[in-house]
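Coordinates in review
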Amino acid sequence: MSFSLLSTLLPLLLGPGFFMMPNVGVTLPNQAPPDPVADAARFETVAKQLDLGGVLYGYVSVDGDLSAIGTYVKSFMDGMRPLAHDVPQVDVPAILKVSGLDAISAVGFSSKSVEGGFRNKSYLYTPKGRRGLLRMLGGESKPFDVVKLAPAGSDFVFEQDLNLKVVYESIQEALVAGMGEQGALFKAMMDGAVNQPLPPPIPFTMKKVLSDLDTQISVIIDADLDKKISLTHPDAEGLQLPLMRAAVLIDELGWVAGELAKILEPMLAHPPIGMTPAKIVRNPNWVGVQLAIEPEQYSVMDAEVLELFGSTNPVLVHHRPSGKLVLASGLEFAENLFIPKPNLEDDPDFRKTMVGLPMKGTAITYASPALFSALREVLESAMDVEGLGGPESLILNTFLKLFLPKNVRGEGSVTTNSKDGILTVSNSAHSHKANIVSSLAGPLLMGIATTMPVVQAMDMVNEMEADHDHEGHIHDQLLELGNDARPGLKQPIPQRGD
């Protein structure tokens, strides 16, 4: 019997056995036997980070699983190499070790009811510390800068410690550890590439950028829900969106805007044909570039997008006192972030949403209740503009009721690092259980949406058939009455099908 025929028949032969023995699963060779004492201690450690007695509690031990899988894959590839010479020389266990993913010993999650919603927790247990790619998500927990920078009333705020140098270093380590001499050659090629100057007129190398990529990224969006922008673009004509001001801030990379200003300044003195109009921003606090295009010079879509963000002159600037690179919808909004003012940490909606969450960590996300209400209004407005009805309207209204109910609360989340794990705690209108159900319901809603055109087409066909049968019924009645029933008719009525 050929291998292909055997592989085809095996599922048919073994399938009934799996139904009779539902606990049959995969057992990896050479996997370490379970240690009841270590398993119990691991569970207790994770359980201390979670909330018992809520609507959902989950715990999964993955201790040694990735290492066992890596060892098995390596063994399988070694066994295949004499049969297929193009199987690469890759040490999978070594790559997993460098990545740090095998440092995860267990995963836990829980949800419990709190006033107005749920307290959700997720925990990655790393008893030997975070290493490899897990170091990408920041180091020690610290107070959040963004809650002092963002003005009170801000509707979306995000801050994440991000060490992108780790990604580059981990890739290089994995190449050497997993591919030997060939990997070392690739590493040397990468080092050579990042040490090369970037294309003119950029005067610095990619290595200079990489050296400053142990950074922090923040996003601030402040929406004025009382001011609406009416879109005129044909694809969204009549749709109204709230006016927004926004900024993206990146630590340690402010010098990039300064270098860009140096490059563009002489060019702007005598701008070449087709160059985007801009001006240099230079004062004790700021240096960088600001677009200087008149509104009529933008396309309709670009002008409306910029109008939504409250300015037609966005900036890319270096805030000299902090060293931050700031991309903002306007210089005025960027300046407002760094001056004394009522800020987000004193905002009542923020305090209510984030109650019980730590104010130190490596990541924070906040979305205001007003933001979700505005999003609901926009979707309802879009339905009105499109004049949706029937199945489409039913699906969208169901979506709104499930995911954006009226009077929905804000959403807040904080991630903290410790010596033996990564914990994310959130206050939400939805529990982890609801998220699981939503992920299962999503394909169902998509399936309904994709079948709607088929249902509509079937309805049209049925209507056409009904009309045809109705016409045929009238035709037969006329035949029964005879030609005399139609005065002036000189030719007999033809039979159906003639």
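Structure: above.
Described below are features of the structure shown in this document. (Residues numbered from 1 in each chain as written. Predicted model: local features only at pLDDT ≥ 70, side-chain atom pairs only at ≥ 80, totals over all residues. Heavy atoms only, no water.)

Time to look at the nonpolar core. Counting residues in hydrophobic clusters, the biggest one holds 33 residues, and the most contacted among them are Ile 220, Leu 249, Trp 286, Val 326, Phe 350, Met 354 and Ile 364. A total of 4 residues in this core trace back to one element, the largest contributor, which is helix α10 (residues 331-337). Among the nonpolar cores identified, the runner-up in size contains 10 residues, and Leu 210, Leu 213, Leu 253 and Trp 255 belong to it. (Core = buried A, V, L, I, M, F, W, Y, C linked by side-chain atoms within 4.5 Å. Buried < 20%, exposed > 50% of the residue type's maximum accessible area, 1.4 Å probe, protein only. Helix = DSSP H or I, 4+ residues; strand = E, 2+ residues; numbered from the N terminus.)

On to the pattern of salt bridges, then. This structure, assessed with the given rule, holds 12 salt bridges. In this structure, the salt-bridge partner of Arg 42 is Asp 63, at a minimum N-O distance of 3.2 Å. On the criterion of sequence distance, the pair formed by Arg 42 in helix α2 (residues 36-47) and Asp 63 in the loop between β1 (56-61) and α3 (65-80) is long-range, its members being 21 residues apart. Accessibility expressed as a relative area gives 9% for Arg 42, which makes it buried. The exposure class of Asp 63 is partly exposed, given its relative accessible area of 42%. The salt bridge partner of Glu 265 is Arg 282, with a shortest N-O separation of 2.7 Å. (Salt bridge = Lys/Arg side-chain N within 4 Å of Asp/Glu carboxyl O.)

The final tally for this structure, using the stated rule, is 6 aromatic pairs. With a centroid separation of 6.4 Å and an interplanar angle of 65°, the aromatic rings of Phe 43 and Tyr 57 are classed as edge-to-face. Of this pair, Phe 43 sits in helix α2 while Tyr 57 sits in strand β1, placing them 14 residues apart in sequence. When its relative accessible area of 31% is taken as the criterion, Phe 43 is described as partly exposed. Summarising the aromatic geometry, the rings of Trp 286 and Phe 338 are spaced 5.7 Å apart at their centres and angled 75° between planes, so their arrangement reads as edge-to-face. (Phe/Tyr/Trp six-rings, centres within 6.5 Å; stacked < 30°, edge-to-face > 60°.)

Time to look at the side chain of Ser 154. Secondary-structure assignment places Ser 154 in the loop between α5 (146-149) and β5 (156-163). Reaching out from Ser 154, the side chain makes a polar contact with the backbone oxygen of Pro 151 at a distance of 2.7 Å. For Ser 154, the contacting residues outside a window of four places in its chain are Ile 220, Ile 221, Asp 222, Leu 344, Tyr 366 and Ser 368. (Polar contact = N/O pair within 3.5 Å; in protein donor to acceptor, adjacent residues only side chain to side chain. Contact = heavy atoms within 4.5 Å.)

Attention now moves to helix α6 (residues 164-194). With 31 residues, α6 extends just 14 Å between its outermost C-alpha atoms, more than 12% less than the 45 Å of an ideal straight helix rising 1.5 Å per residue. Of all the bends in α6, the greatest measures close to 150° and is centred on Gly 180. Those residues of α6 not exposed but buried are Val 166, Tyr 168, Ser 170, Gln 172, Ala 174, Leu 175, Gly 178, Gly 183 and Val 194. At its buried positions, α6 is contacted by α4 (92-99), β5 and α7 (206-211). The backbone nitrogen of Lys 165 lies 3.3 Å from a side-chain oxygen of the residue at the head of α6, namely Asn 163. (Expected span 1.5 Å × (residues − 1). Bend = angle between axes of the 7 residues up to and from the residue.)

Another aspect to go through is the pairing of strand β9 (residues 286-291). A large share of β9 lies buried, amounting to 5 of its 6 residues. Taken together, the 5 bridges between strand β8 (residues 278-282) and β9 define a ladder with antiparallel strand orientation. Each bridged residue has a counterpart across the sheet, and for Lys 279 the counterpart in β9 is Gln 290. Count of turn residues in the β8/β9 antiparallel hairpin: 3 residues. Sheet analysis places β9 next to strand β10 (residues 315-319), joined by 5 bridges and oriented antiparallel. Paired with Gly 288 across the strands is Val 317, a residue of β10. (Pairing = 2+ DSSP bridges.)

Turning our attention to helix α8 (residues 255-269). With 15 residues, α8 should cover 21 Å at 1.5 Å per step; its first-to-last C-alpha distance of 22 Å lies within 8% of that length. Along α8, the largest kink reaches about 30° and is centred on Ile 263; proline Pro 266 follows within four residues of it. When we look at burial in α8, the residues that qualify are Trp 255, Ala 257, Gly 258, Ala 261, Ile 263, Leu 264 and Leu 268. The inward-facing, buried residues of α8 abut α7, β8, β9, β10 and β11 (324-328).

Everything listed here is a matter of coordinates, which is why it stays silent on function.
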